[in-house]
Amino acid sequence: MGDDSIHEERKEVKTNRALFISFEGIDGSGKSTQVQMLYHYLLNSGHVAHLFREPGGTAISEKIRSILLDKANTEMTPTTEVLLYYASRNQLMTEKVLPALSRGEIVLMDRFVDSSFAYQGVGRGLGKRPLNFLTKFATGGKKPELTVLVDLPLETAEDRLSNKTLDRFESESRAFKERVRQGYLYLAKREPDRYLVLDGRLPPEEIFGVIKKRMNQLLGISD
Ligand SMILES: Nc1ncnc2c1ncn2[C@@H]1O[C@H](COP(=O)(O)OP(=O)(O)O)[C@@H](O)[C@H]1O
Ligand SMILES: [Mg+2]
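The shown structure was predicted, so the numbers you read here are calculated from the model rather than taken from an experiment. Every chain is numbered independently, its residues counted from 1 as its sequence is written. Labels are handed out in written order, letters beginning with A for the chains and numbers beginning with 1 for the ligands. For this predicted model, a pLDDT threshold of at least 70 governs which residues receive local features, and a threshold of 80 or more governs which side-chain atom pairs are given and counted, while totals over whole chains, interfaces and linings are taken from all residues. Side-chain numbers come from the whole structure's heavy atoms, not from hydrogens or water.

### A short note on the pairing of strand β3 (residues 106-110)
Move 1: Counting buried positions over the five residues of β3 gives five, a clear majority of the element.
Move 2: Going residue by residue along β3, you find Ile106, Leu108 and Asp110 tucked away on one face and Val107 and Met109 tucked away on the opposite face as well.
Move 3: Bridge count between strand β1 (residues 19-24) and β3: five bridges; the pairing is parallel. Directly across from Phe23, in β3, lies its bridge partner Asp110.
Move 4: By this definition, two strands are paired if DSSP reports at least two bridges between them. In DSSP terms, a helix is any run of H or I states spanning at least four residues, a strand is any run of E spanning at least two, and both are numbered starting from the N terminus. Relative to β3, strand β2 (residues 49-53) runs parallel, the two being bridged by five bridges. If you follow Leu51 over to β3, its bridge partner there is Leu108. Three exposure classes are used, based on accessible area relative to the maximum for each residue type with a 1.4 Å probe and protein chains only: buried under 20%, partly exposed in between, and exposed over 50%.

### Let's talk about the site of ligand 1
Move 1: Here, proximity means that at least one heavy atom of the residue falls within 4 Å of the molecule or strand. In the vicinity of ligand 1 there are 14 residues, among which Gly28, Lys31, Ser32, Thr33 and Leu202 approach most closely.
Move 2: A 3.5 Å cut-off defines polar contacts: any pair of N or O atoms within that distance qualifies, except that in protein one atom must be a possible hydrogen donor and the other a possible acceptor, and neighbouring residues in sequence count only when both atoms are side-chain atoms. In the environment of ligand 1, a nitrogen atom lies 2.8 Å from a nitrogen or oxygen atom belonging to the backbone of Leu202.
Move 3: A distance of 3.4 Å separates a nitrogen atom of ligand 1 from a polar atom in the backbone of Pro204.
Move 4: For ligand 1, the accessible surface in isolation is 550 Å², of which the surrounding protein chains cover 67%. The Shrake-Rupley method, run with a 1.4 Å probe sphere, supplies the accessible areas, and residue values consider only the shown protein chains as cover.

### Quick notes on the side chain of Thr135
Move 1: Its location among the elements puts Thr135 in helix α6 (residues 128-139).
Move 2: In what follows, a contact means two residues having at least one pair of non-hydrogen atoms within 4.5 Å. Not counting residues up to four positions away in its chain, the partners in contact with Thr135 are Tyr86, Val113, Phe117, Gly140 and Gly141.

### Regarding the packing of aromatic side chains
Move 1: Ring pairs are drawn from Phe, Tyr and Trp, using the six-membered ring of Trp, whenever the two centres fall within 6.5 Å, and their geometry is named by plane angle: stacked under 30 degrees, edge-to-face over 60, tilted for the rest. Evaluation of the coordinates by the stated rule reveals seven aromatic pairs.
Move 2: For the ring pair Tyr41 and Phe208, a centre distance of 5.9 Å and an interplane angle of 75° mean the geometry is edge-to-face. Of this pair, Tyr41 sits in helix α2 (residues 31-44) while Phe208 sits in helix α9 (residues 204-218), and the two are 167 residues apart along the sequence.
Move 3: Where Phe133 meets Phe137, the ring centres are 5.5 Å apart and the plane angle is 15°; that geometry is what we call stacked. Residue Phe133 and its partner Phe137 are both found in helix α6; the two are separated by four residues, about one turn of the helix. Take Phe133 and Phe137: they sit in the same class, and that class is exposed.
Move 4: Through pairs of rings, three or more aromatic residues link up here, namely Tyr85, Tyr119, Phe169, Phe176 and Tyr184.
Move 5: Over the face of the ring belonging to Tyr86 we find Arg89, whose NZ or CZ atom lies 4.6 Å from the ring centre. To sit over a ring, a charge needs its Lys NZ or Arg CZ within 6 Å of the ring centre and within 35 degrees of the ring normal.

### Thoughts on the sheet that holds β2
Move 1: Strand order in this open sheet of five strands is β2-β3-β1-β4-β5, and the pairing throughout is parallel. Since the sheet does not close on itself, it has two edges, and those belong to β2 and β5 (195-199), each with one partner. Looking at each pair of strands side by side, their axes are set apart by 20° on average, direction ignored.
Move 2: Whenever a helix is involved, its axis is fitted only over the stretch in contact; in every case the axis is a line through C-alpha atoms, and angles between N-to-C directions fall within 0 to 180 degrees. Packing of α9 onto the sheet brings it into contact with β1, β3, β4 (146-151) and β5, and relative to β5 it is tilted by some 165°.

### What about the nonpolar core?
Move 1: Membership of the largest hydrophobic core comes to 37 residues, with the highest contact counts inside it found for Phe20, Tyr86, Val97, Val107, Met109 and Tyr119.
Move 2: At the level of elements, α3 (59-69), α4 (78-102), β3, α5 (113-123), α6, α7 (154-160) and α8 (174-190) are the ones that each hand at least two residues to this core.
Move 3: The greatest single-element share of this core, amounting to nine residues, is contributed by α4.
Move 4: When near neighbours in sequence (up to four residues on either side) are disregarded, Tyr119 contacts Gly25, Ile26, Asp27, Arg111, Arg124, Phe169, Phe176, Val180 and Tyr184.
Move 5: By size, the runner-up hydrophobic cluster in this structure holds 23 residues, among which are Phe23, Met37, Leu108 and Ile207. Side-chain atoms within 4.5 Å link the members of a nonpolar core, which is a set of buried Ala, Val, Leu, Ile, Met, Phe, Trp, Tyr and Cys residues.

The quantities given are spatial measurements derived from coordinates; they are silent on function.
Have a look at this one:
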């Protein structure tokens, strides 16, 4: 992910307008599928693009990720959880995201701040206040130009994960996951211009068609 060597091989690189785009949704919604399709589409069109996952994306952040997702960490408090997320996020923003954006490059995020609002703010019940503070403190308040929310019913998402070994969040209760889903929908309603909400039950190519259209609008390309 975010492998710079891919870009160095490209001779004809397009002039970019820095764009910061996040993908959100519950586990199994199809975010990673879509963000990867967009990443390859952008690279194939000659853009300089990076894809980072959260938590993760730097050496330190990936170590924090393994603590956060470890199912053995049953005693982790919601406060520890949110602080670890923002520690991972600050490292990623400082080391990779902000420098790429200041070079005028495109940054795609497989989860970002809205995940914390939905999972820790709503799912764990921490509320908005600590999240607003931490977002400002750890990210400088940098917001994505576009957030794609892949939404779908819990049952569909759970069916898709049925053959997978589940991590700490994937094995959470249905009530928790439903709060997270509703948390996302609330965020999307509050900021309709930033959010693109898509039906995750549709075939991947159909979902991607809508994302590609919006992406091309952001890039100033009409199709
Ligand atoms: N639109 C879709 N329709 C049906 N299955 C999908 C779709 N998108 C993704 N999948 C499948 O669902 C599973 C979860 O997708 P993934 O992209 O990893 O979701 P997430 O990153 O949101 O957890 C994968 O097995 C993937 O192949
Ligand atoms: Mg994923």
